[in-house]
Amino acid sequence: MTATIPRSPITPLHSQFQNPNPTPLFNPRLLPQRRRGIPHHAASSSSGGGESNRHKSRAIELQKLIEDSPYEFNSKDSPSSLPRPLTSALLSNLATEGSHLRVAYQGVRGAYSESAAEKAYPNCEPVPCEQFDTAFEAVERWLVDRAVLPIENSLGGSIHRNYDLLLRHKLHIVGEVKLAIRHCLLANHGIKIEDLNRVLSHPQALAQCENTLTKLGLVREAVDDTAGAAKHVAFHKLKDAGAVASMAAAKIYGLNVLAQDIQDDSDNVTRFLMLAREPIIPGTDKPFKTSIVFSLEEGPGMLFKALAVFAMRNINLTKIESRPLQKQALQTPDGNATVFPKYFPYLFYVDFEASMADERAQNALGHLKEFATFMRVLGSYPADNGLQ
Ligand SMILES: O=C(O)C(=O)C[C@]1(C(=O)O)C=C[C@@H](O)C=C1
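Treat the numbers as computed from the prediction; the structure is a model and nothing was measured.

J.: Teacher, can you tell me more about the overall build of the protein here?
T.: Each helix and strand in the protein was counted, giving 12 helices and 17 strands. Taking all 388 residues of the protein together, the buried fraction comes to 39%. At a minimum sequence separation of 6, the contacts of the protein that also span at least 24 residues come to 73%.

Next comes the structure, spelled out in C-alpha coordinates:
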(Lines give C-alpha, C1' and ligand atoms only; values in the text may rest on other atoms or scores of the structure.)
Protein backbone atom coordinates (compact mmCIF):
# COMPACT_ATOMS: atom_id res chain seq x y z
CA MET A 1 0.00 0.00 0.00
CA THR A 2 1.35 3.44 -0.84
CA ALA A 3 0.48 6.43 1.30
CA THR A 4 0.07 9.89 -0.18
CA ILE A 5 2.63 12.28 1.15
CA PRO A 6 1.82 16.01 1.30
CA ARG A 7 4.21 18.27 -0.58
CA SER A 8 7.21 19.74 1.20
CA PRO A 9 7.09 23.48 2.05
CA ILE A 10 10.00 23.75 -0.39
CA THR A 11 8.20 21.92 -3.16
CA PRO A 12 10.51 19.28 -4.63
CA LEU A 13 11.09 19.38 -8.35
CA HIS A 14 8.55 17.33 -10.24
CA SER A 15 8.57 15.98 -13.75
CA GLN A 16 6.40 18.61 -15.42
CA PHE A 17 8.87 21.47 -15.25
CA GLN A 18 7.06 24.71 -16.04
CA ASN A 19 9.60 26.41 -18.29
CA PRO A 20 10.29 24.37 -21.40
CA ASN A 21 13.54 26.31 -22.07
CA PRO A 22 15.11 27.03 -18.69
CA THR A 23 18.15 29.29 -18.62
CA PRO A 24 21.20 27.14 -18.02
CA LEU A 25 22.68 27.73 -14.58
CA PHE A 26 26.11 27.46 -16.05
CA ASN A 27 26.66 26.86 -19.72
CA PRO A 28 30.36 27.07 -20.55
CA ARG A 29 29.54 27.56 -24.20
CA LEU A 30 27.80 30.88 -23.43
CA LEU A 31 30.71 32.40 -21.54
CA PRO A 32 33.19 34.97 -22.92
CA GLN A 33 36.73 33.91 -23.74
CA ARG A 34 39.50 34.16 -21.19
CA ARG A 35 41.61 37.30 -21.61
CA ARG A 36 44.91 36.71 -19.89
CA GLY A 37 46.69 34.30 -22.18
CA ILE A 38 44.65 31.23 -21.42
CA PRO A 39 44.49 28.97 -24.43
CA HIS A 40 41.16 29.15 -26.20
CA HIS A 41 39.97 25.66 -25.34
CA ALA A 42 40.68 26.07 -21.64
CA ALA A 43 39.03 29.49 -21.50
CA SER A 44 35.92 28.44 -23.32
CA SER A 45 35.11 25.87 -20.69
CA SER A 46 35.83 27.93 -17.63
CA SER A 47 35.44 31.70 -17.64
CA GLY A 48 32.63 33.87 -16.26
CA GLY A 49 29.60 35.98 -17.20
CA GLY A 50 25.89 35.44 -16.76
CA GLU A 51 22.52 36.90 -15.80
CA SER A 52 21.83 36.35 -12.14
CA ASN A 53 24.17 37.15 -9.28
CA ARG A 54 24.39 33.49 -8.45
CA HIS A 55 25.31 32.78 -12.04
CA LYS A 56 27.95 35.54 -11.95
CA SER A 57 29.47 34.40 -8.70
CA ARG A 58 29.63 30.83 -10.03
CA ALA A 59 31.39 32.12 -13.12
CA ILE A 60 33.79 34.14 -10.94
CA GLU A 61 34.57 31.04 -8.88
CA LEU A 62 35.37 29.08 -12.00
CA GLN A 63 37.35 32.01 -13.40
CA LYS A 64 39.41 32.01 -10.20
CA LEU A 65 39.94 28.29 -10.47
CA ILE A 66 41.34 28.75 -13.92
CA GLU A 67 43.46 31.68 -12.76
CA ASP A 68 44.94 29.43 -10.10
CA SER A 69 45.37 26.66 -12.60
CA PRO A 70 48.58 25.54 -14.27
CA TYR A 71 47.36 27.21 -17.47
CA GLU A 72 48.02 30.67 -16.03
CA PHE A 73 50.85 32.53 -17.77
CA ASN A 74 51.60 35.86 -19.45
CA SER A 75 53.94 36.95 -22.19
CA LYS A 76 56.71 37.98 -19.77
CA ASP A 77 56.78 34.59 -18.10
CA SER A 78 59.89 32.48 -18.36
CA PRO A 79 59.63 29.30 -20.46
CA SER A 80 59.42 27.30 -17.26
CA SER A 81 56.12 28.99 -16.42
CA LEU A 82 54.56 28.33 -19.80
CA PRO A 83 51.23 26.62 -19.55
CA ARG A 84 51.25 23.10 -18.31
CA PRO A 85 48.60 20.72 -19.58
CA LEU A 86 45.49 20.21 -17.50
CA THR A 87 45.88 17.24 -15.20
CA SER A 88 43.20 14.75 -14.40
CA ALA A 89 43.71 15.69 -10.73
CA LEU A 90 42.73 19.29 -11.49
CA LEU A 91 39.75 18.19 -13.52
CA SER A 92 38.50 15.75 -10.93
CA ASN A 93 38.84 18.49 -8.29
CA LEU A 94 36.61 20.57 -10.52
CA ALA A 95 34.22 17.64 -10.70
CA THR A 96 34.09 17.00 -6.97
CA GLU A 97 34.29 20.60 -5.75
CA GLY A 98 30.85 21.06 -4.24
CA SER A 99 30.63 24.82 -3.62
CA HIS A 100 27.78 26.45 -5.47
CA LEU A 101 26.79 23.27 -7.22
CA ARG A 102 23.09 22.53 -7.25
CA VAL A 103 22.69 18.81 -6.72
CA ALA A 104 19.42 16.96 -7.33
CA TYR A 105 18.42 14.08 -5.08
CA GLN A 106 15.24 12.04 -4.74
CA GLY A 107 13.19 12.67 -1.62
CA VAL A 108 12.58 15.51 0.79
CA ARG A 109 14.85 17.13 3.40
CA GLY A 110 16.33 14.55 5.75
CA ALA A 111 16.44 11.76 3.14
CA TYR A 112 19.62 9.66 3.06
CA SER A 113 20.05 10.79 -0.52
CA GLU A 114 20.40 14.38 0.71
CA SER A 115 23.26 13.30 3.02
CA ALA A 116 24.82 11.44 0.11
CA ALA A 117 24.63 14.59 -2.06
CA GLU A 118 26.32 16.58 0.70
CA LYS A 119 28.99 13.92 1.15
CA ALA A 120 29.65 13.81 -2.60
CA TYR A 121 29.68 17.58 -3.03
CA PRO A 122 30.45 19.32 0.29
CA ASN A 123 28.85 22.81 0.48
CA CYS A 124 26.55 22.08 -2.43
CA GLU A 125 22.93 23.16 -2.55
CA PRO A 126 20.89 19.92 -2.41
CA VAL A 127 17.73 20.15 -4.55
CA PRO A 128 14.89 17.76 -3.58
CA CYS A 129 13.12 15.94 -6.45
CA GLU A 130 9.94 13.91 -6.27
CA GLN A 131 11.15 10.95 -8.32
CA PHE A 132 14.39 9.53 -9.69
CA ASP A 133 13.32 10.48 -13.25
CA THR A 134 12.88 14.07 -12.11
CA ALA A 135 16.47 14.22 -10.87
CA PHE A 136 17.79 12.88 -14.20
CA GLU A 137 15.65 15.38 -16.09
CA ALA A 138 16.70 18.28 -13.86
CA VAL A 139 20.34 17.72 -14.82
CA GLU A 140 19.54 17.29 -18.50
CA ARG A 141 17.57 20.54 -18.55
CA TRP A 142 20.28 22.55 -16.73
CA LEU A 143 18.05 23.15 -13.68
CA VAL A 144 20.78 21.62 -11.54
CA ASP A 145 24.43 20.75 -12.07
CA ARG A 146 24.54 17.19 -10.79
CA ALA A 147 22.34 14.38 -9.47
CA VAL A 148 23.23 11.93 -6.71
CA LEU A 149 21.12 8.77 -6.81
CA PRO A 150 21.21 5.40 -4.99
CA ILE A 151 22.19 2.41 -7.10
CA GLU A 152 22.69 -0.47 -4.63
CA ASN A 153 22.51 -1.31 -0.96
CA SER A 154 24.48 -3.93 0.92
CA LEU A 155 21.29 -5.46 2.39
CA GLY A 156 18.52 -4.63 -0.07
CA GLY A 157 20.46 -5.08 -3.31
CA SER A 158 20.12 -3.09 -6.51
CA ILE A 159 17.87 -0.11 -7.09
CA HIS A 160 16.63 -1.37 -10.46
CA ARG A 161 14.80 1.78 -11.41
CA ASN A 162 18.05 3.73 -11.53
CA TYR A 163 19.74 1.07 -13.69
CA ASP A 164 16.90 1.45 -16.19
CA LEU A 165 17.05 5.25 -16.04
CA LEU A 166 20.82 5.29 -16.64
CA LEU A 167 20.12 3.74 -20.03
CA ARG A 168 17.10 5.85 -20.83
CA HIS A 169 18.94 9.12 -20.13
CA LYS A 170 22.21 10.42 -21.50
CA LEU A 171 23.94 11.44 -18.28
CA HIS A 172 27.46 10.33 -17.34
CA ILE A 173 28.58 8.76 -14.09
CA VAL A 174 31.29 11.08 -12.71
CA GLY A 175 31.72 9.58 -9.25
CA GLU A 176 30.37 7.29 -6.56
CA VAL A 177 29.83 7.78 -2.86
CA LYS A 178 29.08 5.21 -0.19
CA LEU A 179 26.99 6.14 2.81
CA ALA A 180 26.46 4.16 6.02
CA ILE A 181 22.70 3.85 6.52
CA ARG A 182 21.50 3.74 10.12
CA HIS A 183 17.74 3.50 10.38
CA CYS A 184 15.64 4.64 13.35
CA LEU A 185 12.04 3.90 14.24
CA LEU A 186 10.37 7.28 14.66
CA ALA A 187 6.98 8.26 16.07
CA ASN A 188 5.20 11.31 17.44
CA HIS A 189 6.02 12.34 21.01
CA GLY A 190 4.06 10.37 23.61
CA ILE A 191 3.62 7.34 21.31
CA LYS A 192 5.15 4.04 22.45
CA ILE A 193 6.22 1.08 20.27
CA GLU A 194 3.20 -0.91 21.57
CA ASP A 195 0.86 1.79 20.18
CA LEU A 196 2.07 1.25 16.62
CA ASN A 197 0.22 -0.93 14.08
CA ARG A 198 1.99 0.19 10.93
CA VAL A 199 5.20 1.71 9.73
CA LEU A 200 5.86 3.93 6.70
CA SER A 201 9.08 4.16 4.73
CA HIS A 202 10.88 3.78 1.42
CA PRO A 203 10.62 0.14 0.21
CA GLN A 204 14.42 -0.24 0.38
CA ALA A 205 14.46 0.97 3.98
CA LEU A 206 11.60 -1.38 4.91
CA ALA A 207 13.49 -4.28 3.30
CA GLN A 208 16.66 -3.36 5.19
CA CYS A 209 14.75 -3.56 8.51
CA GLU A 210 12.80 -6.74 7.65
CA ASN A 211 13.74 -8.68 10.82
CA THR A 212 12.99 -5.89 13.30
CA LEU A 213 9.70 -4.95 11.67
CA THR A 214 8.57 -8.59 11.54
CA LYS A 215 9.41 -9.04 15.22
CA LEU A 216 7.39 -5.95 16.05
CA GLY A 217 4.48 -7.23 13.91
CA LEU A 218 4.13 -3.93 12.06
CA VAL A 219 2.31 -3.58 8.73
CA ARG A 220 4.65 -1.97 6.16
CA GLU A 221 3.49 0.91 3.98
CA ALA A 222 5.75 1.98 1.14
CA VAL A 223 6.21 5.67 0.37
CA ASP A 224 8.60 7.66 -1.84
CA ASP A 225 11.40 8.23 0.68
CA THR A 226 12.26 7.76 4.33
CA ALA A 227 12.13 11.44 5.23
CA GLY A 228 8.80 11.79 3.42
CA ALA A 229 7.48 9.04 5.70
CA ALA A 230 8.70 10.90 8.79
CA LYS A 231 7.13 14.12 7.52
CA HIS A 232 3.81 12.39 6.87
CA VAL A 233 3.69 10.85 10.36
CA ALA A 234 4.49 14.23 11.95
CA PHE A 235 2.25 16.34 9.69
CA HIS A 236 -0.81 14.13 10.30
CA LYS A 237 0.07 13.61 14.00
CA LEU A 238 -0.43 9.86 13.47
CA LYS A 239 -0.82 7.81 16.62
CA ASP A 240 -0.85 4.30 15.15
CA ALA A 241 1.97 4.72 12.61
CA GLY A 242 5.71 5.17 12.86
CA ALA A 243 8.36 5.86 10.23
CA VAL A 244 11.69 4.23 9.41
CA ALA A 245 14.03 7.13 8.71
CA SER A 246 17.26 8.82 9.73
CA MET A 247 18.13 10.64 12.93
CA ALA A 248 18.33 13.80 10.79
CA ALA A 249 14.71 13.30 9.69
CA ALA A 250 13.66 12.89 13.37
CA LYS A 251 15.19 16.30 14.17
CA ILE A 252 13.78 18.06 11.09
CA TYR A 253 10.20 16.81 11.59
CA GLY A 254 10.23 16.84 15.41
CA LEU A 255 9.71 13.12 15.95
CA ASN A 256 10.77 10.92 18.85
CA VAL A 257 13.36 8.15 18.27
CA LEU A 258 11.81 4.90 19.58
CA ALA A 259 14.65 2.65 18.42
CA GLN A 260 18.03 3.17 16.75
CA ASP A 261 20.04 1.01 14.35
CA ILE A 262 17.07 -1.18 13.44
CA GLN A 263 18.57 -2.34 10.11
CA ASP A 264 19.16 -6.11 9.86
CA ASP A 265 22.93 -5.70 9.75
CA SER A 266 25.01 -2.98 11.36
CA ASP A 267 27.09 -2.74 8.15
CA ASN A 268 24.34 -1.26 6.04
CA VAL A 269 25.81 0.76 3.21
CA THR A 270 24.19 2.37 0.17
CA ARG A 271 26.25 3.22 -2.88
CA PHE A 272 25.18 6.35 -4.74
CA LEU A 273 26.19 7.50 -8.22
CA MET A 274 27.11 11.08 -9.06
CA LEU A 275 25.72 12.05 -12.46
CA ALA A 276 26.55 14.95 -14.77
CA ARG A 277 25.90 16.14 -18.30
CA GLU A 278 29.56 15.75 -19.27
CA PRO A 279 31.94 12.91 -18.46
CA ILE A 280 35.13 13.55 -16.51
CA ILE A 281 38.52 12.81 -18.05
CA PRO A 282 39.53 9.42 -16.68
CA GLY A 283 42.82 9.36 -14.82
CA THR A 284 45.28 6.75 -13.65
CA ASP A 285 46.55 8.74 -10.64
CA LYS A 286 44.07 7.03 -8.27
CA PRO A 287 41.83 3.94 -8.35
CA PHE A 288 39.14 4.38 -10.99
CA LYS A 289 36.07 2.33 -11.79
CA THR A 290 34.27 2.09 -15.11
CA SER A 291 30.58 1.25 -15.57
CA ILE A 292 29.27 -0.16 -18.85
CA VAL A 293 26.06 -1.66 -20.19
CA PHE A 294 25.84 -4.16 -23.04
CA SER A 295 23.64 -6.78 -24.66
CA LEU A 296 24.60 -10.08 -26.28
CA GLU A 297 23.30 -12.49 -28.87
CA GLU A 298 21.44 -15.46 -27.38
CA GLY A 299 23.64 -18.56 -27.34
CA PRO A 300 25.64 -20.91 -25.15
CA GLY A 301 28.54 -19.33 -23.29
CA MET A 302 27.93 -15.77 -24.55
CA LEU A 303 28.03 -14.18 -21.10
CA PHE A 304 31.03 -16.32 -20.17
CA LYS A 305 32.80 -15.02 -23.29
CA ALA A 306 31.87 -11.43 -22.45
CA LEU A 307 33.18 -11.66 -18.91
CA ALA A 308 36.35 -13.38 -20.10
CA VAL A 309 37.48 -10.17 -21.85
CA PHE A 310 38.03 -8.74 -18.37
CA ALA A 311 39.41 -11.88 -16.71
CA MET A 312 42.07 -12.38 -19.39
CA ARG A 313 43.36 -8.84 -18.73
CA ASN A 314 43.27 -9.28 -14.97
CA ILE A 315 40.54 -6.66 -14.53
CA ASN A 316 38.43 -7.15 -11.44
CA LEU A 317 34.64 -6.90 -11.78
CA THR A 318 32.90 -5.31 -8.79
CA LYS A 319 29.27 -5.61 -9.90
CA ILE A 320 27.13 -7.31 -12.52
CA GLU A 321 23.44 -6.67 -12.89
CA SER A 322 21.09 -7.96 -15.56
CA ARG A 323 17.91 -6.16 -16.53
CA PRO A 324 15.29 -7.25 -19.03
CA LEU A 325 15.29 -5.30 -22.28
CA GLN A 326 11.85 -3.72 -22.13
CA LYS A 327 10.15 -5.25 -25.15
CA GLN A 328 9.30 -8.66 -23.77
CA ALA A 329 5.93 -9.06 -25.47
CA LEU A 330 5.73 -8.91 -29.27
CA GLN A 331 2.52 -8.25 -31.16
CA THR A 332 1.54 -10.54 -34.04
CA PRO A 333 1.11 -8.78 -37.42
CA ASP A 334 -2.70 -8.74 -36.97
CA GLY A 335 -2.16 -7.00 -33.62
CA ASN A 336 -4.48 -9.39 -31.76
CA ALA A 337 -2.38 -12.00 -30.04
CA THR A 338 0.85 -11.57 -28.16
CA VAL A 339 3.85 -13.76 -28.96
CA PHE A 340 6.31 -14.38 -26.19
CA PRO A 341 9.90 -14.82 -27.35
CA LYS A 342 11.68 -18.01 -26.36
CA TYR A 343 14.18 -16.02 -24.29
CA PHE A 344 13.88 -12.67 -22.62
CA PRO A 345 16.54 -10.38 -24.04
CA TYR A 346 18.75 -8.92 -21.29
CA LEU A 347 20.99 -5.94 -20.72
CA PHE A 348 24.08 -6.49 -18.59
CA TYR A 349 25.45 -3.70 -16.40
CA VAL A 350 29.04 -4.27 -15.34
CA ASP A 351 31.34 -2.22 -13.08
CA PHE A 352 35.05 -2.99 -13.26
CA GLU A 353 38.15 -1.75 -11.50
CA ALA A 354 40.06 0.10 -14.22
CA SER A 355 40.06 3.55 -15.72
CA MET A 356 39.18 4.13 -19.36
CA ALA A 357 42.64 5.72 -19.54
CA ASP A 358 44.08 2.26 -18.82
CA GLU A 359 45.03 0.36 -21.97
CA ARG A 360 43.72 -2.89 -20.48
CA ALA A 361 40.21 -1.37 -20.21
CA GLN A 362 40.33 -0.07 -23.78
CA ASN A 363 41.45 -3.45 -25.09
CA ALA A 364 38.82 -5.29 -23.06
CA LEU A 365 36.04 -3.08 -24.39
CA GLY A 366 37.40 -3.29 -27.95
CA HIS A 367 37.26 -7.06 -27.59
CA LEU A 368 33.75 -7.01 -26.11
CA LYS A 369 32.49 -4.81 -28.97
CA GLU A 370 33.46 -7.54 -31.44
CA PHE A 371 30.51 -9.66 -30.32
CA ALA A 372 28.25 -7.44 -28.16
CA THR A 373 25.06 -6.40 -29.95
CA PHE A 374 25.12 -3.08 -28.06
CA MET A 375 27.56 -1.40 -25.67
CA ARG A 376 27.73 1.96 -23.88
CA VAL A 377 30.25 3.31 -21.36
CA LEU A 378 28.20 4.92 -18.60
CA GLY A 379 31.22 6.53 -16.93
CA SER A 380 34.78 6.17 -15.70
CA TYR A 381 35.20 7.74 -12.27
CA PRO A 382 37.26 7.65 -9.04
CA ALA A 383 36.29 4.70 -6.82
CA ASP A 384 35.00 5.47 -3.32
CA ASN A 385 36.95 2.99 -1.22
CA GLY A 386 36.17 4.88 2.00
CA LEU A 387 33.55 2.50 3.44
CA GLN A 388 34.50 -1.15 3.13
O1 LIG B 1 14.47 7.32 1.27
C2 LIG B 1 15.59 7.82 1.37
O3 LIG B 1 15.93 8.45 2.39
C4 LIG B 1 16.55 7.64 0.31
O5 LIG B 1 17.48 8.38 0.22
C6 LIG B 1 16.35 6.50 -0.64
C7 LIG B 1 17.12 5.24 -0.26
C8 LIG B 1 17.11 4.22 -1.45
O9 LIG B 1 16.52 4.46 -2.48
O10 LIG B 1 17.75 3.17 -1.29
C11 LIG B 1 18.52 5.58 0.00
C12 LIG B 1 19.24 4.96 0.95
C13 LIG B 1 18.68 3.89 1.79
O14 LIG B 1 19.15 2.69 1.22
C15 LIG B 1 17.19 3.87 1.78
C16 LIG B 1 16.49 4.55 0.86
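J.: Where do I start with the domain arrangement of the protein in this structure?
T.: A common way to express how large an interface is: the accessible area buried when the components associate. According to the domain assignment, the protein contains domain 1 (31–86), domain 2 (102–279) and domain 3 (282–388). Using only C-alpha atoms to locate each centre, domain 2 and domain 3 end up separated by 28 Å. Listed per partner, the contact involves 16 residues of domain 2 and 15 residues of domain 3. Listing elements by their share of the side of domain 2 that touches domain 3, those giving two or more residues are helix H6 (160–168) and strand S5 (172–180). It is S5 that contributes the most residues to the side of domain 2 that touches domain 3, 8 residues altogether. Here the side of domain 2 that touches domain 3 is built from residues that sort into 9 nonpolar, 4 polar and 3 charged.

J.: Can you walk me through the nonpolar core in this structure?
T.: As a rule of thumb, soluble globular proteins bury nonpolar side chains together. One finds Val103, Ala104, Ala147, Val148, Leu186 and Ala230 to be the most contacted residues of the largest nonpolar core, which totals 85 residues. Summarising the domain contributions, this core has at least three residues from each of domain 2 (102–279) and domain 3 (282–388). Look past the residues within four positions of Val148 in its chain and what remains in contact with it is Val103, Tyr105, Ser113, Ala116, Ala117, Ala120, Val177, Phe272 and Met274.

J.: Sorry, what's going on with the site of the ligand here?
T.: Near the ligand there are 15 residues, and of these Ala111, Ser113, Gln204, Asp225 and Thr226 occur at the shortest range. Elements with a contribution of two residues or more to the shell around the ligand: helix H4 (112–120), strand S3 (146–153), helix H7 (203–208) and helix H9 (226–235). For the shell around the ligand, the class distribution of residues is 7 nonpolar, 7 polar and 1 charged.

J.: Sorry if this is basic, but what is going on with the UniProt feature "domain: Prephenate dehydratase" (unreviewed entry) in the protein here?
T.: Mapped onto this numbering, the UniProt entry gives "domain: Prephenate dehydratase" (unreviewed entry) at residues 102–277. Spanning residues 102–277, this segment combines 32% helix with 34% strand, and its end C-alpha atoms are found 13 Å apart.

J.: I'm lost on the sheet that holds strand S17 (residues 372–382) in this one. Help?
T.: Spatially, 4 strands are ordered S13-S16-S12-S17 in an open sheet, and the strand pairing comes out antiparallel. Every other strand in the sheet has two partners, leaving strand S13 (317–324) and S17 as the edge strands with one partner each. Across the sheet, the mean angle separating the axes of adjacent strands is 15 degrees when strand polarity is ignored. Note: S13 against strand S16 (residues 346–352), 7 bridges, orientation antiparallel. Paired with Arg323 across the strands is Leu347, a residue of S16.

J.: Can you help me understand the pairing of strand S11 (residues 269–276) in this one?
T.: The side chains of a regular strand alternate between the sheet's two faces. Of all 8 residues in S11, 6 are buried; the element is thus mostly enclosed. Pairing between S3 and S11: 6 bridges, direction antiparallel. The residue of S11 that forms the bridge with Val148 is Met274. Where S5 lies against S11, 8 bridges are found, and the strand directions are antiparallel.

J.: How should I be thinking about the sheet that holds strand S10 (residues 256–260) in this particular structure?
T.: Within a sheet, adjacent strands bond to each other through the backbone by hydrogen bonds, running parallel or antiparallel. Spatially, the 5 strands line up as an open sheet ordered S8-S7-S9-S6-S10, and their pairing is mixed. Looking at the sheet topology across the chains shown, the edges are occupied by strand S8 (219–222) and S10. Adjacent strand axes in the sheet meet at a mean angle of 30 degrees when their direction is disregarded. Here strand S6 (residues 184–187) runs beside S10; their pairing, made up of 4 bridges, is antiparallel. Paired with Leu185 across the strands is Ala259, a residue of S10. Across the face of the sheet, H9 comes into contact with S6, strand S7 (198–201) and strand S9 (241–245) while running at roughly 155 degrees to S9.

Calculation notes
- Residues numbered from 1 in each chain as written.
- Predicted model: local features only at pLDDT ≥ 70, side-chain atom pairs only at ≥ 80, totals over all residues.
- Helix = DSSP H or I, 4+ residues; strand = E, 2+ residues; numbered from the N terminus.
- Buried ≥ 20, exposed ≤ 12 C-beta atoms within 10 Å, placed from the backbone.
- Contact = placed C-beta atoms within 7 Å.
- Domains from an automatic or database assignment.
- Nonpolar A, V, L, I, M, F, W, Y, C, P; charged D, E, K, R; others polar.
- Core = buried A, V, L, I, M, F, W, Y, C linked by C-beta atoms within 7 Å.
- Near = placed C-beta within 6 Å.
- UniProt positions renumbered as here; feature names shortened; annotations may be inferred.
- Pairing = 2+ DSSP bridges.
- Axes fitted to C-alpha atoms, helices over the stretch in contact; angles between N-to-C directions.

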